[in-house]
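Working through the structure, step by step
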Amino acid sequence: MNLFIVIAHGTTKFKSQSNGAIHKNNFKYIRKGYQVMGVFMKNWDMLDERGICTSDQDCRDAHQLCEMLDIPFYQVSFVKEYWHEVFSNLVKEYEMGRTPNPDIMCNKNIKFKCLLHFAMEMLGADAMATGHYARTSQGDEEVFQQKSIGNTEDILYNHAVKLLKAADPQKDQTFFLSQISQHALRHTIFPLGEFRKNIVKEMAAEAGFHHILKRKESMGICFIGERNFEHFILEYLEPRPGNFVSIEDGKIMGTHKGWFLFTLGQRARIGGQSDAWFVVDKEIKTGDVFVAPGTCHPALYRNSLETDPVHWIAQNPPADLLRDGVMQCSFRFQHQMPLVQCQITLNADSTVLVTLVKPVRAPTPGQYAVLYKDDECLGSGKITKLGLSMYKAGEDKLANFGRPVLPDNKSMP
């Protein structure tokens, strides 16, 4: 549900409603005397395959919640901005054979840019509170001092606000926030970051927000919802038939409707094959999708990759990386995959080479390499190039790296 709370550092108190639960557990920032407003953001207006626009129900739920809290409720549409800043890029990425992450781009370009601008410029807010499970290195009161700081372009790393992992490791969402700006981070509060999900649910139940507790968690890409991905993307891209080709012997195993329908590591459902085959590579010029038998085939594993210029949350690379050109940290390219120890090398053009301690399964161009140092999310860069697979490098190499890391391909934002 795209409900965000925006806060003005005023002294006007909103009256408490008669509902005992609401009065007892009144919203934290209302209790402190801040002026609090709820904003519902709409980014997509297409019906799903059942003819239902889920955003309408989302909006009603958000409005009901604001009525219970007795705070003003606003609606804002960023459908046009979302189309240009997120969706058009997504289609281009698929067409180029990459697998994009629209949730990361939505946070960067819509929630923490367009929405924050609306909140601060149109509503006069000093800060925005979101439901992301994340933390920062600044306290709530420091957020309201940011307007006096002015331009944050020249903030040094040691003085930058850090993006920190949430207290609940299973719900941590810093992965999806790894491209937001330092300016946005300085004006954002993450009230849920210190709590585990079960505690949040208990708090919501005590406050009487039962209609929210009944909602299913958001899963998958928001504008696709429960629709079939192939049917959806073929509304925007013309079919481009090609062959499934065995990576082992070059044998044509079957045909497909377009390379953009597949991502690395995905099972390729090839007619007439009793064994499971998985996508290990793609060749856009020929339309070939290369496949290999078995979910743990060495062709699926890589131990190095390159990114485009990294977006550093602190605006500048860490001091030791600037000094030495290399740094030890951790990496993931999917939300819930285990962190993998790695060494990053900073190139002259600000791109980064990531060399992994253990090979990972199906890192994919277009996805984001998100970097961590202890609890801090340093930032991320889009994966542009993969190192040799363990199959091409020699199957014996896989054993030398120990147990490979398998990301959770079912986990979604």
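As the structure is a prediction and not an experimental result, all values here were calculated from the model.

Thresholds, definitions, all that
Sequence positions are assigned chain by chain, starting from 1 and proceeding in written order. Whole-chain, interface and lining totals are the exception, using all residues; otherwise, since this is a predicted model, local features are given only for residues with pLDDT of at least 70 and side-chain atom pairs are given and counted only at 80 or more. Computation of side-chain values covers all heavy atoms of the structure but excludes hydrogens and water. Any Phe, Tyr or Trp ring, taking Trp's six-membered ring, that has another such ring centre within 6.5 Å forms a pair; planes under 30 degrees apart are called stacked, those over 60 apart edge-to-face, and the others tilted. Runs of H or I in DSSP of at least four residues are treated as helices and runs of E of at least two as strands, each being numbered from the N terminus. The buried label goes to any residue with under 20% of its type's maximum accessible area, the exposed label to any with over 50%, and the partly exposed label to all in between, with areas taken from a 1.4 Å probe on protein chains only. A ring is scored as having a charge over it whenever the NZ atom of a lysine or the CZ atom of an arginine sits within 6 Å of its centre and within 35 degrees of its normal. What makes a patch is a set of residues exposed beyond 30% relative accessible area and free of salt bridges, joined within 9 Å when like-charged and within 5 Å when nonpolar (Val, Leu, Ile, Met, Phe, Trp, Tyr). The accessible surface values rely on the Shrake-Rupley method and a 1.4 Å probe; as for residues, cover is taken only from the protein chains in view. One side-chain nitrogen of Lys or Arg within 4 Å of one carboxyl oxygen of Asp or Glu is enough to make a salt bridge. Take the number of residues in a helix, subtract one, and multiply by 1.5 Å to get its expected span. The angle between axes fitted to the seven-residue stretch ending at a residue and the seven-residue stretch beginning at it gives the bend at that residue. Contacts described as polar in this section are N or O atom pairs within 3.5 Å, which, within protein, must combine one atom able to donate a hydrogen with one able to accept it, while residues neighboring in sequence count only if both atoms come from side chains. Any two residues whose heavy atoms approach within 4.5 Å at even a single point are treated as in contact.

What follows covers the packing of aromatic side chains. Summed over all chains, the structure comprises 14 aromatic pairs. Note on tryptophan 44 and tyrosine 82: the rings are 6.2 Å apart at their centroids and 75° apart in plane angle, and the pair reads as edge-to-face. Residue tryptophan 44 is located in the loop between strand S2 (35–42) and helix H3 (54–69), and its partner tyrosine 82 is located in helix H4 (residues 79–95); the two are separated by 38 residues in the primary sequence. With relative accessibility at 13%, the residue tryptophan 44 sits in the buried group. Plain terms: the ring middles of phenylalanine 244 and phenylalanine 262 are 5.2 Å apart, the flat faces sit at 75° to each other, and that makes the pair edge-to-face. Of the two residues, phenylalanine 244 sits in strand S8 (residues 242–246) while phenylalanine 262 sits in the loop between strand S9 (252–256) and strand S10 (267–268), which places them 18 residues apart along the sequence. Assigned by exposure class, phenylalanine 244 and phenylalanine 262 land together as buried. Among the aromatic side chains, those forming a connected cluster through ring pairs are Trp44, Tyr82, Trp83, Phe87, Phe232 and Tyr236. Note that arginine 361 overlies the ring of phenylalanine 278, its terminal NZ or CZ placed 5.5 Å from the centroid.

A cluster of nonpolar side chains, Phe195, Ile199 and Met203, forms an exposed patch at the surface whose accessible area comes to about 220 Å². Among the secondary structure elements, isoleucine 199 is positioned in helix H8 (residues 197–206). The class for isoleucine 199 is partly exposed, based on a relative accessible area of 32%.

The end-to-end C-alpha separation of helix H5 (residues 102–122) is 26 Å, well short of the 30 Å expected for 21 residues at 1.5 Å each. The largest bend along H5 measures about 25° and falls at lysine 108. Most of H5 is tucked away: 16 of the 21 residues are buried. Backbone geometry just downstream of H5 places glycine 124 in the positive-phi region, at approximately 75°.

Relative to the helices and strands, threonine 136 is located in strand S5 (residues 135–136). Within the local environment of threonine 136, its side chain forms a polar contact with the backbone oxygen of glutamine 138, the two atoms lying 3.3 Å apart. Every residue in contact with threonine 136, bar those within four places of it in the chain, is listed here: Val161, Lys162, Leu164, Leu185 and Phe190.

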